[in-house]
Amino acid sequence: MGRGVLLTSNLPQLQNLIKRDPPAYKEEFLQQWNHYNSIRQIFQINPDENAQHFRELVSFIAQVAQCYPKETVDFPSQISTLLLESYGTLSPDTRRSLVQNLVMLRNKDVITSITLLQTLFPLLPKTTSSSLRAFIRRTILSDIRTANLRTKNHKLNRAVQAMLFGMVERGMDAEVVGDKGKLKAAAGPGNNGEEAMWAVVLTKELWRKGIWSDAKTVSIIALGCFHPVVKVQSASLHFFLGGDEEEEDSDNEEEDLPDIKALQHRREINKKTRSGEKKLQKIAKALQSKKKKKAESATANFPAIQLLNDPQTFGEKLYDILNKYDKRFSLDHKILIMQLLSRVMGGHKLCVLGFYTYIMKYLTYHQLRIPAILVALAQSVHDFTPPDALTPVVRKLAQEFVHPGVGSEVIAAGINAIREVCRRQPWSMEEDLLGDLIEYRKSRDKAVTAAARGLLQLFREVNPGMLKRRERGKEASMGMAKGSQPLPFGYSAQAAVDIEGLVLLEDHLKKLREEEGVVSGAEDEDDEAAWEGWDVESDSEESSDGWIDVDSDSDEDLEISDSEDEGDGRKKKGKGKANATDDGGQDDKGGEKDGTAQDTAEEAAKRVSSLATTKILTPADFALLNDLRIKAASEAVQRGAGSGTKRKLAALESQRKSLLASSDGPIAETFISEDDILGPRKKAKADYAERIASIEKGREGREKYGSLKGKKKKAAPSSSTNREKARNKPIMMILASGAVKSKKKASLREKQQKLRAHIERAKKAHH
């Protein structure tokens with residue numbers, strides 16, 4: 001048998017030899033390459049003929065393609081074309097083999113990631129095999145994650161995001177069917193949104209894993225919120241709201257953790273070892289952290305809401321969909337849209353005034369899921385919302401929820417909802433209505449009393465003038481006596497001239513420089529170090545080379561003044577601005593006094609720091625500024641400051657905790673939950689399922705019922721012996737036993753032998 005015949009019939013052997021010495025076996029490879037081309041042409045006409053041999057040839061060429069790049073330059077495109085154009089006629093084994101070989105070519109760097117993904121993305125909606133679909137999904141995610149492992153691969157990210165945008169946009173022209181009514185029943189299986197659904201699912205997965213965290217990723221999901229297919233809309237809405245209903249579709253790369261109870265039971269039975277104990281503790285810790293992550297995933301996705309491009313247009317489009325297709329959507333889906341719209345309005349302080357007119361028809365106490373609707377209403381209000389648009393809403397809430405014809409829970413929910421609306425926009429309340437609502441503080445129900453007292457306390461702080469004199473309280477009355485009045489809607493107290501507390505940071509940095517003797521030139525290095533860990537990654541590859549120094553025509557500083565009075569005013573304010581000069585400038589006598597850190601609170605409040613104009617503040621500087629403000633407020637409280645300073649200290653400490661807990665920022669403070677609307681409630685009677693769950697929870701970590709005698713109290717734990725069991729037998733069973741019957745039938749000789757043996761045992765026992 002010749003060499004060529006042997007190698008032709010044994011492709012794995014030829015593959016091994018080619019990888020060792022490609023030039024020596026080029027002729028044999030070309031022979032197989034020509035054979036592959038002829039088989040491929042036959043396979044395109046009749047896919048069922050020679051399918052097994054075709055798969056073997058494709059696998060062989062994919063393995064050795066990197067050895068002959070010029071000869072196999074068209075091989076990846078042929079496989080991609082075969083998959084995309086003839087996918088429906090291929091057998092399941094052939095499909096899997098072609099996809100696996102295409103992935104192998106990517107792993108061998110024969111093709112690029114973009115080429116691979118351009119083939120795999122269209123296959124996701126087409127494939128019906130769950131295993132192949134999961135393999136394609138894992139491949140896409142792992143390939144993008146590997147490309148962005150060390151640094152962001154912006155070229156690949158832009159290409160993939162463009163493909164995902166196209167997948168979502170392709171079905172945007174269809175008619176909105178909805179999830180109820182006749183249109184849903186009459187709609188055929190034409191446009192089911194599979195392609196857009198996969199684009200949204202993959203984008204959400206890349207965001208969740210932290211691979212993508214930019215505004216373009218959010219834009220893909222935001223486009224999905226307006227897709228005509230309801231399930232694509234729902235998946236996109238859940239991304240912003242934080243709850244994922246597609247958990248069954250999520251890619252669980254981590255192994256499923258075993259049952260902790262089963263492991264503990266096995267631990268009791270098997271041999272006790274230290275390694276087994278450590279392993280059990282490790283699994284229990286991993287299970288606990290997994291439960292914690294699952295609980296945290298239910299919170300709203302605040303960073304995504306902050307990264308929305310043009311949130312005003314986004315909110316108006318959401319309202320248009322909600323208003324136009326109101327009859328086609330179910331109540332649950334409409335509430336999803338309401339919740340997202342309200343969070344966008346509250347987070348970005350938008351005004352979509354039609355939303356308040358739309359939501360009024362749902363403000364009845366017998367409406368299904370009314371707590372969620374009230375939460376959406378309260379979250380949409382902010383200090384820029386016109387009071388004229390909110391006054392009818394507050395009046396409708398009072399008429400529907402707060403009257404003697406409804407239960408106490410309904411009244412409490414109505415007053416709490418009104419309080420949350422007025423906390424964001426106090427001018428939406430009417431004086432007569434406020435007086436009627438406050439009278440409910442005399443109710444016998446605890447929840448109603450708490451809600452009315454909360455509303456009273458709110459208006460004591462924000463606008464005590466709307467209350468009667470006996471209801472204002474001591475502090476509010478003293479404030480009104482001094483002439484303090486709340487500003488009308490649209491007015492602000494004064495323009496922002498400085499960052500609050502920045503003087504404290506300036507004094508602190510100046511003191512540190514004096515102690516360490518740091519020259520002004522070394523500050524740039526400190527600034528660069530302060531940005532470490534706080535950098536925000538940008539999508540753009542371009543970066544500026546730095547600042548360009550421009551020489552002025554004269555050495556003197558250029559001063560521009562509108563009038564001579566402005567220059568005089570600057571001279572008069574010179575004493576109040578102790579540290580307003582530059583590092584190289586002159587310091588007056590007031591500045592030397594401030595250097596000794598003996599400023600009063602009033603002088604510190606009047607000073608305007610120049611730190612913001614001479615230094616770029618880093619996130620570390622703002623964190624330090626917050627700590628300094630807390631320290632100053634705590635010292636003021638110790639000196640006997642008023643309740644206002646105490647409230648300010650509590651607000652600063654809570655802000656610090658929220659910043660440490662999450663990076664969502666102040667947008668998280670604008671959102672509330674249904675518990676804030678419902679308030680404290682009486683504990684409802686538990687049903688059967690809740691009682692069983694409570695019983696099972698109480699049994700966790702507790703030993704089973706039963707006697708421990710003969711089991712745990714022995715040196716070696718074991719069950720009771722037969723002698724111990726015989727003591728507890730009923731007397732009628734003992735009388736019928738063989739031992740008792742043998743005693744009755746024993747002869748005199750046998751009785752004497754037993755008596756002597758008993759005496760001997762007693763003697764030995766005494767000795």
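My aim in this report is to walk through the structure given alongside it, one point at a time. (Residues numbered from 1 in each chain as written. Predicted model: local features only at pLDDT ≥ 70, side-chain atom pairs only at ≥ 80, totals over all residues. Heavy atoms only, no water.)

**Re the overall build of the chain**
Okay, step 1: For the chain, the helix and strand inventory stands at 39 helices and zero strands.
Okay, step 2: Counting across all 767 residues of the chain, residues that qualify as buried make up 36%.
Okay, step 3: If you sum the accessible surface of the chain, you get close to 48500 Å²; carbon and sulfur atoms cover 51% of it. (Helix = DSSP H or I, 4+ residues; strand = E, 2+ residues; numbered from the N terminus. Buried < 20%, exposed > 50% of the residue type's maximum accessible area, 1.4 Å probe, protein only. Areas by Shrake-Rupley, 256 points an atom, 1.4 Å probe, with all protein chains shown as cover.)

**Looking at the pattern of salt bridges**
Okay, step 1: Using the criterion set out here, one finds 20 salt bridges in the structure.
Okay, step 2: A salt bridge links Asp 109 to Arg 106; the shortest N-O distance between them is 2.9 Å. (Salt bridge = Lys/Arg side-chain N within 4 Å of Asp/Glu carboxyl O.)

**Quick notes on helix α2 (residues 11–20)**
Okay, step 1: Burial in α2 covers these residues: Leu 11, Leu 14, Gln 15, Leu 17 and Ile 18. The arc that holds the buried residues of α2, viewed along the axis, is 170°, so those residues lie on one side. Away from the buried face of α2 by more than 90 degrees, exposed residues Pro 12 and Arg 20 are located. (Arc of directions from axis to C-beta.)

**So, the packing of helix α9 (residues 154–169) against helix α12 (residues 215–224)**
Okay, step 1: As a packed pair, α9 and α12 sit with axes 10 Å apart at the nearest point and diverge in direction by 5°. With respect to α12, the element α9 is oriented roughly parallel. Residue-level contacts link Arg 158, Gln 161, Leu 164, Phe 165, Val 168 and Glu 169 of α9 to Lys 216, Thr 217, Ser 219, Ile 220, Leu 223 and Gly 224 of α12.
Okay, step 2: In terms of residue class, the contact of α9 with α12 is built from five nonpolar, four polar and three charged. (Axes fitted to C-alpha atoms, helices over the stretch in contact; angles between N-to-C directions. Parallel < 35°, antiparallel > 145°, perpendicular 65-115°, else oblique. Contact = heavy atoms within 4.5 Å. Nonpolar A, V, L, I, M, F, W, Y, C, P; charged D, E, K, R; others polar.)

**A closer look at the packing of aromatic side chains**
In this description, an aromatic ring pair is defined by two values, namely the gap between the centres and the angle between the planes.
Okay, step 1: For the structure shown, the criterion picks out 15 aromatic pairs.
Okay, step 2: Ring centres of Trp 33 and Phe 75 lie 6.3 Å apart, and the angle between their planes is 65°; this geometry places the pair in the edge-to-face category. Note that Trp 33 is positioned in helix α3 (residues 26–45) and Phe 75 in helix α5 (residues 75–85), a separation of 42 residues in sequence. Considered together, Trp 33 and Phe 75 belong to a single accessibility category, that of buried residues.
Okay, step 3: Judged by centre distance (6.0 Å) and plane angle (55°), the rings of Phe 240 and Phe 314 are tilted. Here the residue Phe 240 occupies a position in helix α13 (residues 230–241), and Phe 314 occupies one in helix α17 (residues 311–324), the gap between them amounting to 74 residues.
Okay, step 4: Classification of Phe 314 as buried rests on a relative accessible area of 4%.
Okay, step 5: An aromatic cluster of three or more residues is present, and its members are Phe 29, Trp 33, Tyr 36, Phe 43, Phe 54, Phe 60, Tyr 68 and Phe 75.
Okay, step 6: For the cation-ring pair, Arg 95 lies above Tyr 87, with the distance from its terminal atom to the ring centre recorded as 4.5 Å.
Okay, step 7: The ring of Phe 384 carries Lys 349 above its face, with NZ or CZ at 5.9 Å from the centroid. (Phe/Tyr/Trp six-rings, centres within 6.5 Å; stacked < 30°, edge-to-face > 60°. Lys NZ or Arg CZ within 6 Å of the ring centre and 35° of its normal.)

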